[in-house]
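Chain residues, written in single-letter form:
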Amino acid sequence: MEFFLDTANTADIEQYKDLIAGVTTNPSLIAREGRDFKTVVKEITNLVPGPISAEVTATTAPEMIAQAHELVKLAPNVVIKIPMTVEGLKAVKQLHAENINTNVTLIFSLSQGLLAASAGATYISPFIGRLDDIGADGTKLIQELRQGLDNAKVSTKIIAASIRSVKHVEKVALAGADIATIPTAVFSKLFEHPLTEKGLAAFMQDWDNFKEKR
């Protein structure tokens, strides 16, 4: 499974750029930065050579397609993020015909994921945390999507989104997600374990003792 950062903070991306395969953004994340949308996306594409999802804000297929054409001019690794709507899937189908990569977001069911894949989506983003919030099972959706896409023999990749914890990351990996897109606060915890810290401290203490005896 590949790791993406789910952020528009370029300082965070700079810190982890050598350890991630891509970045996902959305209008909310970019709005928090208080900066120009295209400027932020362009900076991110310069930091990370892998897929960078930039989301459209239009609501009709023609407008989404027009926005997509502008966004892909920013860099060759821009992926157009499109909401799971009828108009969104119309746009995905046209962009697929133009060989423009897309990421269909706000997926909450197997049927939505299969529809997006059928339209030619390069990626689909099921939101597991939001499903868990309403008492559903986000991890189960990843499993269902994995089986459904494999049965259909399509190349659409699953980006597990709305990741809330390290346990979420581990669960989606076991469930068959191709990618997990992770907030920086959660990503930073993936490196941590108390036994790692304890072991490192012991190694360093042993080394210091050895040097003192020489």
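Nothing here was measured: the structure is a model prediction, and the numbers come from that model.

Draft legend 1. Structural context of the overall build of the protein. Counting its regular elements, the protein contains 11 helices and 8 strands. C-alpha extents for the protein along the principal axes are approximately 75 × 35 × 30 Å. Relative to its full complement of 214 residues, the protein shows a buried share of 45%. For the protein, contacts bridging at least 24 residues in sequence account for 55% of all contacts bridging at least 6.

Draft legend 2. Inspection of the sheet that holds strand E7 (residues 157-160) at higher detail. Strand order around the closed barrel formed by 8 strands is E1-E2-E3-E4-E5-E6-E7-E8, with parallel pairing between neighbours. Between one strand axis and the next, the sheet turns by 30° as a mean value, whatever way the strands run. Of the pairings in the sheet, the one linking strand E2 (residues 22-24) to strand E3 (residues 52-55) comprises 2 bridges and is parallel in character. Paired with Thr 24 across the strands is Ser 53, a residue of E3. Across the sheet, helix H5 (residues 86-97) lies against strand E4 (78-83) and strand E5 (102-107), angled at about 150° from E4, the strand it touches most.

Draft legend 3. Representation of the packing of aromatic side chains. Using the criterion set out here, one finds 5 aromatic pairs in the structure. Where Tyr 16 meets Phe 187, the ring centres are 5.0 Å apart and the plane angle is 70°; that geometry is what we call edge-to-face. One end of the pair, Tyr 16, is in helix H1 (residues 10-16); the other, Phe 187, is in helix H10 (residues 184-187), and 171 residues separate them in sequence. When the centroid spacing of 6.0 Å and the interplanar angle of 15° are considered together, the rings of Tyr 16 and Phe 191 count as stacked. In this pair, Tyr 16 is assigned in helix H1 and Phe 191 in the loop between H10 and helix H11 (194-213), connecting sequence segments 175 residues apart. Residue Tyr 16 is classed as buried on the basis of its relative accessible area, which comes to 10%. Note on Phe 191: relative accessible area 48%, which makes it partly exposed. Connected via pairs of aromatic rings, a cluster forms that spans Phe 3, Tyr 16, Phe 187 and Phe 191.

Draft legend 4. The arrangement of the pattern of salt bridges in detail. Under the definition given, this model contains 9 salt bridges. Of the charged contacts, one joins Lys 38 and Glu 70 as a salt bridge, the two residues approaching to 3.9 Å between their closest N and O atoms. Here the residue Lys 38 occupies a position in helix H3 (residues 37-47), and Glu 70 occupies one in helix H4 (residues 61-71), the gap between them amounting to 32 residues. A relative accessible area of 37% places Lys 38 in the partly exposed class. Residues joined by salt bridges that share partners form a network here, namely Lys 38, Glu 70 and Lys 73.

Draft legend 5. Up close: the layout of surface pockets. Of the voids in this model, the largest pocket is the one considered here, and its volume is about 450 Å³. Lining the largest pocket are 23 residues; nearest its centre among them are Asp 6, Asn 26, Leu 29, Phe 127 and Arg 130. When contributions to the lining of the largest pocket are tallied by element, the ones reaching two or more residues are helix H2 (27-33) and E5. Element by element, the count of residues in the lining of the largest pocket is highest for H2, at 4 residues. Considering only residue class, the lining of the largest pocket consists of 7 nonpolar, 9 polar and 7 charged. Put simply, the second largest pocket is a space of about 150 Å³. Every residue lining the second largest pocket is listed: Leu 95, His 96, Asn 99, Ile 100, Asn 101, Ala 117, Gly 120, Ala 121, Thr 122, Val 154, Ser 155 and Thr 156.

Reading guide: rules and limits
Residues numbered from 1 in each chain as written. Predicted model: local features only at pLDDT ≥ 70, side-chain atom pairs only at ≥ 80, totals over all residues. Heavy atoms only, no water. Helix = DSSP H or I, 4+ residues; strand = E, 2+ residues; numbered from the N terminus. Buried < 20%, exposed > 50% of the residue type's maximum accessible area, 1.4 Å probe, protein only. Contact = heavy atoms within 4.5 Å. Pairing = 2+ DSSP bridges. Axes fitted to C-alpha atoms, helices over the stretch in contact; angles between N-to-C directions. Phe/Tyr/Trp six-rings, centres within 6.5 Å; stacked < 30°, edge-to-face > 60°. Salt bridge = Lys/Arg side-chain N within 4 Å of Asp/Glu carboxyl O. 1 Å grid on protein atoms, 1.4 Å probe; cavity = no way out; pocket = protein on both sides within 12 Å on 5 of 7 lines; lining within 4 Å. Points joined across faces, edges and corners; volume = space filled by probe spheres on them. Nonpolar A, V, L, I, M, F, W, Y, C, P; charged D, E, K, R; others polar.

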